[in-house]
Amino acid sequence: MENKIKEYREKNSLSQGKLAELCNVTRQTINAIENNKYDPSLELAFTLSHIFGVPVEQVFIFRHEMEGKK
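What counts and how
Residues numbered from 1 in each chain as written. Predicted model: local features only at pLDDT ≥ 70, side-chain atom pairs only at ≥ 80, totals over all residues. Heavy atoms only, no water. Helix = DSSP H or I, 4+ residues; strand = E, 2+ residues; numbered from the N terminus. Buried < 20%, exposed > 50% of the residue type's maximum accessible area, 1.4 Å probe, protein only. Contact = heavy atoms within 4.5 Å. Areas by Shrake-Rupley, 256 points an atom, 1.4 Å probe, with all protein chains shown as cover. Lys, Arg positive; Asp, Glu negative; His and termini not counted. Charge placed at Lys NZ, Arg CZ, Asp CG, Glu CD. Axes fitted to C-alpha atoms, helices over the stretch in contact; angles between N-to-C directions. Parallel < 35°, antiparallel > 145°, perpendicular 65-115°, else oblique. Nonpolar A, V, L, I, M, F, W, Y, C, P; charged D, E, K, R; others polar. Polar contact = N/O pair within 3.5 Å; in protein donor to acceptor, adjacent residues only side chain to side chain.

Peer 1: Run through the overall build of the protein chain, naming residues and quoting values.
Peer 2: Within the protein chain one finds 5 helices and 2 strands. Taken from the N to the C terminus, the helices and strands of the protein chain come in the order β-α-α-α-α-α-β. Overall, the protein chain is about 45 × 20 × 20 Å in size when its C-alpha atoms are taken along their principal axes. Buried residues in the protein chain amount to 34% of all 70 residues. By sequence separation, contacts in the protein chain at least 24 residues apart represent 58% of the contacts at least 6 residues apart. Counting only carbon and sulfur atoms, one obtains 48% of the accessible surface of the protein chain, whose full area is about 5000 Å². Taking the 10 positively charged and 10 negatively charged side chains of the protein chain as two groups, their mean positions are separated by 5 Å.

Peer 1: Let's hear about helix H3 (residues 27-34): which residues, and what values?
Peer 2: Taken together, the buried positions of H3 are occupied by Ile 30, Ala 32, Ile 33 and Glu 34. Its buried side turned inward, H3 meets strand E1 (2-3), helix H1 (5-11), helix H2 (16-23), helix H4 (42-52) and strand E2 (60-61).

Peer 1: Kindly report on the packing of H2 against H3, identifying the contributing residues and their values.
Peer 2: Two numbers describe how H2 lies on H3: the axes approach to 8 Å, and their chain directions differ by 105 degrees. The angle between H2 and H3 falls in the class roughly perpendicular. Side by side, H2 and H3 meet where Gln 16, Gly 17, Leu 19 and Ala 20 of the first sit next to Arg 27, Ile 30, Asn 31 and Glu 34 of the second. Taken together, the residues of the contact of H2 with H3 break down into 3 nonpolar, 3 polar and 2 charged.

Peer 1: Could you give an account of the side chain of Asn 3, with specific residues and numbers?
Peer 2: By secondary structure assignment, the location of Asn 3 is in strand E1. One polar contact links the side chain of Asn 3 to the main-chain amide nitrogen of Ile 5, over a distance of 3.0 Å. Side-chain polar atoms of Asn 3 contact the backbone oxygen of Ile 33, separated by 2.6 Å. Not counting residues up to four positions away in its chain, the partners in contact with Asn 3 are Ile 33, Glu 34, Asn 36, Val 59, Phe 60 and Ile 61.

Scope: geometric values only; no functional claims are made or implied.
Laid out in structure tokens, this is it:
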């Protein structure tokens, strides 16, 4: 799963630390999600989309591994 967290975070002038504080997680968690090293829980995904004011589908992009294969 890919995400646009860094893009939305920067658009909203939020540091990783401030976003982490708003989500009640560590800065390292936000960093790991931004770098696609960690997929957030459903609750955290919805929290992030709520903070950014956009639907969760705009923050997280699901790419099925079979996409493009026939």
